[in-house]
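This is what each chain is made of:
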Amino acid sequence: MTAAAIAAPAFAQEQEAEVSVEDVIVVTGSRIASPVDVSTAPLQIVNDQTIKDSGATNIQELLLENPAFGTPALSRTNSAFLTSGTGVATVDLRDLGSDRTLVLVNGRRVVAGLPGSATVDLNVIPTQFLERVDVLTGGASSLYGSDAIAGVVNFVYKRDFEGLEANAQYGITERGDDRRYQANVTVGTNFADDRGNIMVHFGYSKEGGVLSRQRKNTFLDDASVGAFITGDMADWATGIEPFLSSFPPQGRFIIPDDPNVAGNQGTTFTYDANGQLRPCFSTNGGTAPATCGAFAGQPIGPDGFNRQAFRTIAVPVQRYLFAAAGHYEFTEGTNFFFEGTFNRTESSRIIEPFALESGGSTGIFPASGLMPIEHRVLDEQGNVAVVQNPLVPQAIFDAARDNDGDGLRDIGFARRLAEVGNRTGSTSRDFFRFVVGFDGTLFDDRFNWDVSYNYGKTIENQVSSGQVNVANFRDGLSVMVDVDDVNGNGSTSDYVCTSAEARANGCVPVNIFGAGNISPEALAYIDAQGTFQTEITQQVVQANLSGELFQLPAGPVGIATGVEYRKESSKEDNDALTNAGMNAGNKIPDTAGSFDVAEAYLEVRVPILADTPGFQLLDVGGSVRVADYSTVGTVYSYAGTATWKPVDDIRFRGTYSRAVRAPNIGELYSGLSQTFPSGINDPCDGVGPTGGGTVGDICRSQPGVNANIAANGVFTLNQADQQGISGFNGGNPDLEEEKADSWTLGAVITPRSLGLNNLSLSIDYYNINVKNVIAAPGRGFTLDQCFNKANPTYCDLVTRRPAATAVNSAGSIEFIDAINVNGASWKTEGLDVVLNYRSGLDAIGAGGTVSAQVAYTRVFKNDYFPAAGEPADRQAGEIGTAKDRFTANLAYNAESGLRASLTGTYIGKSYEDDQFCFAYGYEAKCVGVSAEFYLDAQLGWNIGDNFELYFGVDNLLDNDAPRILSGTTFNTTGTDTAADVYDVFGRRYYTGVRMKF
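Reading the values: rules and limits
Residues numbered from 1 in each chain as written. Predicted model: local features only at pLDDT ≥ 70, side-chain atom pairs only at ≥ 80, totals over all residues. Heavy atoms only, no water. Helix = DSSP H or I, 4+ residues; strand = E, 2+ residues; numbered from the N terminus. Rg over C-alpha atoms; globule rule 2.2 N^0.38 Å. Buried < 20%, exposed > 50% of the residue type's maximum accessible area, 1.4 Å probe, protein only. Areas by Shrake-Rupley, 256 points an atom, 1.4 Å probe, with all protein chains shown as cover. Lys, Arg positive; Asp, Glu negative; His and termini not counted. Charge placed at Lys NZ, Arg CZ, Asp CG, Glu CD. Salt bridge = Lys/Arg side-chain N within 4 Å of Asp/Glu carboxyl O. Core = buried A, V, L, I, M, F, W, Y, C linked by side-chain atoms within 4.5 Å. Pairing = 2+ DSSP bridges. Disulfide = S-S within 2.5 Å. Contact = heavy atoms within 4.5 Å. Arc of directions from axis to C-beta.

Chemist: I'd like a rundown of the overall build of the chain, residues and numbers included.
Modeler: When its secondary structure is counted, the chain shows 17 helices and 51 strands. Against the 2.2 N^0.38 benchmark of 30 Å for 997 residues, the chain shows a C-alpha radius of gyration of 32 Å, consistent with a compact globule. With respect to the three principal axes, the spread of C-alpha positions in the chain is 105 × 65 × 60 Å. Scored against the burial criterion, the 997 residues of the chain give a buried share of 56%. Summing over all exposed atoms, the chain offers an accessible surface of approximately 38,600 Å²; the carbon and sulfur share of this is 55%. Once the 71 positive and 118 negative side-chain charges of the chain are each reduced to a mean point, those two points are 2 Å apart.

Chemist: Which residues make up the pattern of salt bridges, and what values do they have?
Modeler: Inspection of every chain in the model, using the stated rule, returns 48 salt bridges. As a salt-bridge pair, Asp147 and Arg109 come within 3.3 Å of each other at their nearest N and O atoms. Residue Asp147 is found in the loop between α4 (141–144) and β5 (151–157), and its partner Arg109 is found in strand β3 (residues 108–109); the two are separated by 38 residues along the sequence. For the pair formed by Asp147 and Arg109, the shared burial category is buried. A salt bridge links Asp784 to Lys789, with the shortest nitrogen-to-oxygen separation between them at 4.0 Å. Under the relative-accessibility criterion, Asp784 is labelled partly exposed at 27%. Given a relative accessible area of 43%, Lys789 falls into the partly exposed group.

Chemist: Please give an account of the nonpolar core that cites residues and values.
Modeler: Counting residues in each nonpolar core, the largest one holds 45 residues, and the members touching the most others are Ile59, Leu63, Leu122, Val133 and Phe155. Counting residues per element, the ones that place at least two in this core are α3 (59–63), β2 (101–105), β4 (130–137), β5, β18 (317–331), β38 (759–775) and β42 (821–840). By residue number, the principal contributor to this core is β38, which donates 4 residues. Within the second largest apolar cluster, 34 residues are counted, among which are Leu391, Val479, Ile518 and Ile526.

Chemist: Explain the sheet that holds β3 residue by residue, including any values.
Modeler: Spatial ordering of the open sheet is given by β1-β4-β5-β2-β3, a layout of 5 strands whose pairing is mixed. Only two strands of the sheet have a single partner each, and these edge strands are β1 (43–47) and β3.

Chemist: Which residues make up the state of the cysteines, and what values go with them?
Modeler: What the rule picks out here adds up to 5 disulfides. Disulfide partner of Cys280: Cys292, at an S-S distance of 1.6 Å. Pair noted here: Cys280 is in the loop between β14 (277–278) and β15 (286–287) and Cys292 is in the loop between β15 and β16 (299–300), with a separation of 12 residues, a long-range link. Linked covalently through their sulfurs, Cys684 and Cys699 form a disulfide whose S-S length is 1.9 Å. Its torsion about the S-S bond being -100 degrees, the disulfide of Cys684 and Cys699 is classed as left-handed. In this pair, Cys684 sits in the loop between β35 (673–675) and α12 (693–700) while Cys699 sits in helix α12, placing the two residues 15 residues apart along the sequence. Judged by relative accessible area, which is 0%, Cys684 ranks as buried. The class of Cys699 is buried, set by a relative accessible area of 0%. Shown here for the chain is a disulfide pattern of 1-2, 3-4, 5-6, 7-8, 9-10, where each number marks a bonded cysteine counted in sequence order.

Chemist: Outline the side chain of Thr40, listing residues and values.
Modeler: Along the chain, the position of Thr40 falls in the loop between α1 (11–14) and β1. With sequence-adjacent residues up to four places away left out, Thr40 is seen in contact with Thr641, Ala642, Thr643, Arg653, Gly654 and Thr655.

Chemist: Can you explain the pairing of strand β50 (residues 947–954)? Please cite residues and give values.
Modeler: Strand direction decides the pairing type here: strand β49 (residues 932–943) and β50, joined by 7 bridges, are antiparallel. The residue of β50 that forms the bridge with Gln938 is Gly952. By the bridge criterion, 8 bridges tie β50 to strand β51 (residues 988–996) in an arrangement that is antiparallel. The partner of Gly952 across the bridge, within β51, is Tyr990.

Chemist: Mind laying out helix α13 (residues 703–712), listing which residues take part and the relevant values?
Modeler: Listed in full, the buried residues belonging to α13 are Gly704, Val705, Asn708 and Ile709. One side of α13 carries all its buried residues, which in axial view fall inside an arc of 140 degrees. Exposed residues on α13 whose side chains face more than 90 degrees from its buried face are Pro703, Ala710 and Ala711. Tucked inside the fold, the buried residues of α13 contact α12 and β39 (798–800). Following α13 by one or two positions, Gly713 has its phi on the positive side, about 90 degrees.

Chemist: Any chance you could break down the sheet that holds strand β36 (residues 727–730) for me, citing the residues and the numbers?
Modeler: Pairing is mixed in the open sheet, where 3 strands are placed in the order β35-β36-β41. Unpaired on one side and paired on the other, β35 and β41 (818–819) mark the two borders of the sheet. Judged from the 2 bridges that link them, β36 and β41 form a sheet pairing that is parallel. Note on β41: the bridge partner recorded for Gly730 is Ile819.

See the structure below:
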């Protein structure tokens, strides 16, 4: 975003500005109230002016510019293909996963936005109602409980606001899409002689979205033929060729090989652009082979389907927000307070029409993979007769034979259901949260206390289209001529379904031969609208007490203690066809579960020395939390801190923490849900009848692989085999908690003695080691363990097809399953450097002020170990986890009311996933992506005391997102890039007005 997007430590914090004893502060990272705003742990603060200057519609946009944040699990640009989570916005500190970043509002928990998880949807945060955002890095479970392994993001609402603030903003990309609108109003007033205050905020925003066909670099479904040869993405532009889908709207109709006839390779029929049937098919175009009859030697195709014409770069999102907060002092030293938030987020997704096949796990005839084109029916005399499906073209019928031994001719097919329409989903999420409580002081204001009740609920409703009822579709493919007038309409030339039971249930013949031939009546019969509902609830009761125990020569001993009870539940309900996998899509079960936890914590801070030569300040602290879960039992977390200031200009700080994360409801209780992973490389590809070592032996232990080798000489895969791998993900009720050891060591430099009163520099080293990581083994890892290391546990997770289907080859992988376990570990370390400077320009006669902020992160290590004793999957330097990132801001504020700012964001050179490279026999860093630098700008003018006009440009240099190979690890479907890492919108403009009274 545009202006001061990275929150370097606030000036008041780093200069340790003293405030009155009565005006105590609770800094995120400690629960001990203090008159000095100093953080022992690394803490960055985004203030309200930074938020305003960013022009951000969603606070996620602003936070992601901070290099401490990794690639978001969910955003507008990576959620179009999800069955749940479209349009959700999340954050992920240190690239350790969103569930390991704890999100708070005013220091209290927020109900999740995704069922079964602890992940908070930042769409529910009212951006213009924020006073600041505290970003605490490092483990903090001893203070805030589970999930704070990577750190805490605490959104702090405005307090004691009086008056009215309003703004309206409009934005659009240079290409004329993704129009963005937002309008916000905040009203606040004091009452009862200033003993009370109430604030109300209303907000609306709309982001229009971008389709893949709207951009020249994504309108075509393509692949690169040159990138792997050179190992450099710079050659992408010279190596593009179409990579169309082999599931076309006109259909592909397969006569399988005849095993009884030597050299008979079967035939594949399709229709050309003029609707003419021909006995050959070319996905991406080419010259017709000799087997193509009259078409031999002629250019044909491309017969494939361009999926990108229907895919999405960024989904549209619309939000309605209401927030309120207030407090009232009803007796001296005792206050009532409340917070309330309501949010409705509406989003939609669109992807290409469904690709249906005769066989496979989501096919119409999964057992044989073959569609009968002859049918046994009873004639008027009760005799069995074999009839021909009249919808099948005669050329296909004549070429067909009985392939499965049932005495009936059959074929395979693969077809895009264009008549059914695009697969779409319309989602609405309603978020409710309120907090009520009391706070006050005790013992002559030495202690502060609060008691509160926090209730939150998220309800999601989703309606999807584009799927079909498999059972009805199967009945509709079994067709005969109605010579006996079974319809009773006086006609003997109708086509009807062969099954009397199906006809009684409204069966209509389905004609899949040729584009556009499925009738409206058939569409109504096979339509399978999907529904998905979720409900997540959270209840928290907590009580806290903090203050000063007694005085030591160096200062007061601080203490904080408290108790908390939390209960969470989650349920998700799919329609019956989805549950059964009978809508030609993924089989997804319903999931429900709950847990509760009772916790208690204690924090102590002890000053050792103060105002002593070499020890202007020396203090130590510690905290401990005990939590008793209904799922994993009792867990412990603890932390220790130390601060040493040898002189006024420098302060050293260090922390150690043991953090925990209890498994969430989805990880524990989710049933087996189907998925279709990409980027899978079959280790048996190319294996022959002998040799190949362990891989060869394991491969040939499968009957289907041997059949494939016998037919082809070596194990051979087709495009459908590579694209048709499925699998099931599932939970595990026996999971244990994750444990993490986290270290930080840093220094804060404020060189006042050198006359640099307005400069601060913080340098912090971090090291996080997460053990007992809850994760399902990666499917590439599973294949490696099975085929390279002969591990039977992992071989049991792989299912191969025992025989060929009409679409897939014998021995090709059908399923690779993934079940959650506590088997992995994760280690990351790096360095954060934050510089902040501000100065007046009176000395040079210019007037006004200039400020500069720089935040830089160097990732030394981000190693994921999939199992004990296994080598690390080294992620530092890969796309999304660049080793070097920074954001820098330069801003000028003139006395005339003019404000100008520039913000640059740098993402260092990155590489494709090393595991992906290894799978294809290449070394790590086989494909690189050049460094990216984005520049944003904003101009603002204050018109009197009440109005401000502003204009901004994001991605001023109009950088294109780098191309990422189709089907690779980091390619976000529909975008041809890592859309959650790089800017996919290009140059875009916005303008707005603010009013304050």
